[in-house]
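Residue strings, one per chain:
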Amino acid sequence: MGLVLDPAEIKINMEILRSYLERVIVRYQNVLERVHEYNSNEDLDTKSFRKSKHKMDICYRLIAEGMIAVQESMAGDIDTLLSSIGDEYLDEDELIAQIERLKMQCAQYEEKIRSLQSMKPILGLVGSSRARGLIERYRKNIENLKEQIAVLQEKINFLHETEALTANLFESAMSLLTAVHNAITDGGVNLRTENGFAGGLTWLTELGGAEVEEIDEVGETEEVDDVDGKIDGDMEGVLVLPQPGDTITVSRGVDSNGKHIYVDAVVSQWNAWSIEYSISKCNSEYSDGLCCERLNYAVKNYECNKNDDDLLMFNLEGYDAPVFAGAMVDGYADIGDIVKVTLDDGTDFNFLILDVKDTGHTIEELAEDNQCQCEWGHGYILGEQKVQLSVCEFITAGGYSVNSAIYADSGKFLLKRSVVRAQIVDSIPICD
């Protein structure tokens, strides 16, 4: 299959990407401001705070500056791409087919010319004059066809030149994103040891360069102990999700021998936003379970919309917006934790953990709905070995029943969205 260039689609997608990056970068610029304010606070000058400030300057600042660099790099590459693609839809296979048709027409005219030239001796004066006229016309047709072929060939050349020109776009941004991802992953570890920085933290030099060495020299004069600074607490509880198009390994269930049946699947663009259960269903089907005790405790002790036909939401002190309730993967968060969930469009919402999703289901338990299980929770196997993740599974108020949270009034914003990150930010008491 040959190259295809669709400038209209590319321009739309690039403008969407540019708009998204501009919104996201404001958040990281705010992070830089908060880090600067924290580091500049002279009242926070104990040994633990100094250690925390050093680690925050290394981790948070480099992550924020790395994302700002990503945005700048991608913005430049977007400009380069848009200036390189022109305005015409081009399909190399179709262009080649058109050239072949035109070449056939040229060959037909050339054959007619040869035939007329061979007949000149027997055509006589009048016939020869007419033949010359036809030959001249055929030659002009051939010249016109060759000009059309040249134009089409130029379009094919443009396709390949554009591919070569844009082939390496976004590579720098992807390298930076990898470094930022590694920084986020390592953000909760003890960055500095008695011998300097911990080994293997390549993102320190990729994002910080010489600045890291300078910070290390400043930090080496301080005594290092096993007490974690504030940065550790801030970075704990982070769940980073795979991106659409990534290939991940999921379990289709546990067989009779106690072994998981694993398959590889490509992550779908959007999450499923499944429903865990309603309040009434939990009480009728799981009345003897801890999940029912926890749910009833939360509903009784915290203000919520327990009788509405909608997703269950709690009005908690310190939160401007209602906090949704539901379940996430077992082992990630504890009951009563509040998780800040960030979507692929940059928006976020808070999610109260009242249950957990088990990842040890049997094949029989998962087969009915074509479900699967993985380190991010549950999911659904779609056609062509794709997996639609279900990271957050919602509880509904009263006896309200929907197949997905996107069909509830308060969940419409989840339509065609996916989770890119989750972080535990708070916790409230839930009695077992």
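Residues numbered from 1 in each chain as written. Predicted model: local features only at pLDDT ≥ 70, side-chain atom pairs only at ≥ 80, totals over all residues. Heavy atoms only, no water.

### Here's the deal with the nonpolar core
- Among the nonpolar cores identified, the biggest contains 38 residues, and Trp-273, Met-328, Phe-349, Phe-351, Val-387, Cys-392 and Phe-394 are the most heavily contacted of them.
- Mapped by element, the contributors of at least two residues to this core are β6 (247-254), β7 (260-267), β10 (323-329), β11 (337-343), β12 (348-357), β13 (371-374), β15 (386-390) and β17 (419-427).
- Ile-85, Leu-116, Ala-131 and Ala-173 belong to the second-largest nonpolar core, a separate cluster that totals 29 residues. (Core = buried A, V, L, I, M, F, W, Y, C linked by side-chain atoms within 4.5 Å. Buried < 20%, exposed > 50% of the residue type's maximum accessible area, 1.4 Å probe, protein only. Helix = DSSP H or I, 4+ residues; strand = E, 2+ residues; numbered from the N terminus.)

### Quick look at a negative patch on the surface
- Residues Asp-330, Asp-358, Glu-364 and Glu-365 make up a contiguous surface patch of negative charge.
- With relative accessibility at 48%, the residue Asp-330 sits in the partly exposed group. (Patch = residues over 30% accessible without salt bridge, like charges linked within 9 Å, V, L, I, M, F, W, Y side chains within 5 Å. Areas by Shrake-Rupley, 256 points an atom, 1.4 Å probe, with all protein chains shown as cover. Salt bridge = Lys/Arg side-chain N within 4 Å of Asp/Glu carboxyl O. Lys, Arg positive; Asp, Glu negative; His and termini not counted. Charge placed at Lys NZ, Arg CZ, Asp CG, Glu CD.)

### Comments concerning a nonpolar patch on the surface
- On the surface, a cluster of nonpolar side chains totalling about 400 Å² of accessible area is made up of Met-1, Val-4 and Tyr-89.
- Inspection of the secondary structure puts Val-4 in strand β1 (residues 4-5).

### Some points on the pattern of salt bridges
- Tallied over the entire structure, the rule returns 11 salt bridges.
- With a shortest N-O distance of 3.0 Å, Lys-357 and Glu-393 are connected by a salt bridge. Placement of the pair is Lys-357 in strand β12 and Glu-393 in strand β16 (residues 393-396), with a sequence separation of 36 residues. For the pair Lys-357 and Glu-393, a shared accessibility class is recorded, and that class is buried.
- The network of salt bridges with common partners includes Glu-15, Arg-18 and Asp-79.

### Side note on unusual backbone geometry
- Positive phi, normally seen in glycine, also occurs at Trp-273, with a value near 55°.
- Structurally, Trp-273 can be placed in the loop between β7 and β8 (275-278).
- With a relative accessible area of 1%, Trp-273 lands in the buried category.
- Positive phi outside glycine occurs at Lys-416, with the angle close to 55°.
- Considering the arrangement of structural elements, one finds Lys-416 in the loop between β16 and β17.
- What makes Lys-416 partly exposed here is its relative accessible area of 47%.

### Overview of the packing of aromatic side chains
- By the definition in use, this model includes 11 aromatic pairs.
- Seen from their ring centres, Phe-349 and Phe-351 are 6.3 Å apart, and the 85° between their planes marks the pair as edge-to-face.
- Relative accessible area serves as the criterion here: at 6%, Phe-349 is assigned to the buried category.
- Overall, the relative accessible area of 0% leaves Phe-351 in the buried class.
- Here the aromatic cluster, defined as three or more aromatic residues joined through ring pairs, consists of Trp-273, Phe-324, Phe-349, Phe-351, Phe-394 and Phe-413. (Phe/Tyr/Trp six-rings, centres within 6.5 Å; stacked < 30°, edge-to-face > 60°.)

### Brief notes about the side chain of Asp-77
- Tracing the backbone through its elements, the reader meets Asp-77 in helix α2 (residues 47-84).
- As a buried residue without a salt bridge, Asp-77 has its nearest oppositely charged side chain in Arg-18, at a separation of 11 Å.
- Once residues within four sequence positions are removed from consideration, Asp-77 is found in contact with Leu-169 and Phe-170. (Contact = heavy atoms within 4.5 Å.)

### A few points about the environment of Ala-150
- Tracing the backbone shows Ala-150 in helix α3 (residues 92-166).
- Measuring from C-alpha to C-alpha, the distance between Ala-150 and Ile-99 comes to 8.8 Å, with 51 residues separating the pair along the chain.

### Comments concerning the environment of Phe-324
- Turning to its location among the elements, Phe-324 is positioned in strand β10.
- For the pair Phe-324 and Ile-338, spaced 14 residues apart in sequence, the C-alpha to C-alpha distance is 9.3 Å.
- What Phe-324 contacts, discounting residues up to four positions off in sequence, is Leu-311, Leu-312, Met-313, Phe-349, Asn-350, Phe-351, Leu-352, Phe-394, Ser-410 and Phe-413.

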